[in-house]
Each structure stands twice: as structure tokens, then as C-alpha cells.
Amino acid sequence: METTLILLKPDTVERGFIGQVITRLEQKGLKISGLKMMQLSDELVTEHYDFLADKPFFPNIKAYMMRTPVVAIAASGANAIATVRMLTGATNPQEALPGSIRGDFGLTIDGNIIHASDSAETAEIELKRFFGGSDVFEYSRGFDGVL
Ligand code: GDP
């Protein structure tokens, strides 16, 4: 079983899609292991998107990610990291397939709804970054091991 880090970005919070996006995760069978709303600091966004620091759109991303609180989610399940990336869809919602979260809820890359860890290494770092090693719960569901 893997655990991945998801952020529901400010456009999702503003547009009232928190519940619908979480439903997509739950209906796929992923377990919500951690869930919290957070106002991101300049430092945290800079660290999280460090690899984009030299891009011209970096200041816009920073302003966007701090515009409202975000919802941080730890989601667990078999192959959770790749599964959530598949549900998420392409970075640019204009290229994301219908049926994917970005394909169904996003219109432009400026607000692409969701962040999801892209590898096991990244997930470990990002879970620590947003959950600080706590507030991620291990619990059993009746059907765990069956799905
Ligand atoms: P992701 O893993 O699919 O989120 O994509 P990346 O890690 O490559 O990029 C991180 C985030 O930066 C994306 O989710 C977008 O919010 C933003 N981003 C990436 N490329 C662009 C771009 O060309 N223009 C703008 N405005 N934002 C971008």
C-alpha cells in the first residue's frame, strides 16, 4: 500500500468543488488517511515549487497558491501514487482527458484544481512537508484487502 499527497488548490476551494474531488478519490477506493485545510506560507509554496523557481510564471503560481487556504489530503491504497496521477490528468486542463479531475473541472493551466505527488520519493517528502509526520492515520476498513 502507498500513501500520496494531494492538494486541492484555491480554485477548487473557491468554486466549491472540494467535495466532488474528494468523492472521485473515494469512489476509486482510495482511503483518506489525512485531511486538513491550510493557509500556505510564501516559504512553503517556494519550497514546494522550488523546481519552477526560474519559470516566468513562478510569481503567479505563488500568488495563486496563497490566494485562499488549500485542502491537503493524504490518500492511501494499492498503487495510490500512480492511480491519483491518473485520476488527476494532464497538467494543462485543456489537454486533460474528460473523466479526469482536471479534464472535468479545470479550464486553463492557471487554475488546474489539484496537485498530486508524482513518485514515491516525492510523496514521502511532500507528506512530511504538509503533514509533518503527524495527522496521517492508519486504520482498517472492513473491505481492505478485498478491493
Ligand atoms: P503537475 O505535476 O501536473 O502539477 O505539473 P508540474 O509539476 O509540471 O507543474 C506544477 C504546477 O505548476 C502545475 O500544476 C501548474 O499549476 C503550474 N504550471 C506548470 N506549467 C505551467 C505553465 O506553463 N503556466 C502556468 N501558468 N502554470 C504552470
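In short, a report on the structure. (Residues numbered from 1 in each chain as written. Predicted model: local features only at pLDDT ≥ 70, side-chain atom pairs only at ≥ 80, totals over all residues. Heavy atoms only, no water.)

### Here we look at the nonpolar core
Then comes step 1: Core analysis: the biggest nonpolar cluster contains 20 residues, and I6, L8, V21, L25 and I73 have the highest contact counts within it.
Then comes step 2: Looking at this core, the elements with two or more residues in it are β1 (2-8), α2 (18-28), β3 (70-77), α5 (80-88), α6 (101-105) and β4 (114-116).
Then comes step 3: When near neighbours in sequence (up to four residues on either side) are disregarded, I73 contacts T4, L5, I6, L8, I22, L25, I32, G34, L35 and F131.
Then comes step 4: Counting 18 residues, the second largest nonpolar core, distinct from the first, contains L40, I61, Y64 and A72. (Core = buried A, V, L, I, M, F, W, Y, C linked by side-chain atoms within 4.5 Å. Buried < 20%, exposed > 50% of the residue type's maximum accessible area, 1.4 Å probe, protein only. Helix = DSSP H or I, 4+ residues; strand = E, 2+ residues; numbered from the N terminus. Contact = heavy atoms within 4.5 Å.)

### Topic: the site of the ligand
Then comes step 1: Around the ligand sit K9, Y49, F51, L52, F57, I61, R85, T91, R102, I109, D110 and N112, and that is every residue in its neighbourhood.
Then comes step 2: In the model, an oxygen atom of the ligand is placed 2.5 Å from a nitrogen or oxygen of the T91 side chain.
Then comes step 3: For the ligand, the cavity whose grid points lie within 2 Å of the majority of its atoms is the largest pocket.
Then comes step 4: The residue inventory of the shell around the ligand, partitioned by class, reads six nonpolar, two polar and four charged. (Near = heavy atom within 4 Å. Polar contact = N/O pair within 3.5 Å; in protein donor to acceptor, adjacent residues only side chain to side chain. 1 Å grid on protein atoms, 1.4 Å probe; cavity = no way out; pocket = protein on both sides within 12 Å on 5 of 7 lines; lining within 4 Å. Sits in = over half its atoms within 2 Å of the grid points. Nonpolar A, V, L, I, M, F, W, Y, C, P; charged D, E, K, R; others polar.)

### What about the packing of α2 against α5?
Then comes step 1: Where α2 meets α5, the axes come as close as 11 Å, and the angle between the chain directions of the two elements is 135°. It follows that α2 is oblique to α5 by the angle criterion. When the axes of α2 and α5 are compared, the crossing they make is right-handed. Within the contact between the two elements, α2 uses R24, L25 and K28 and α5 uses T83, V84, M86 and L87.
Then comes step 2: Looking at the contact of α2 with α5 residue by residue, the classes come out as four nonpolar, one polar and two charged. (Axes fitted to C-alpha atoms, helices over the stretch in contact; angles between N-to-C directions. Parallel < 35°, antiparallel > 145°, perpendicular 65-115°, else oblique. Left-handed = near helix turned anticlockwise from the far one by under 90°.)

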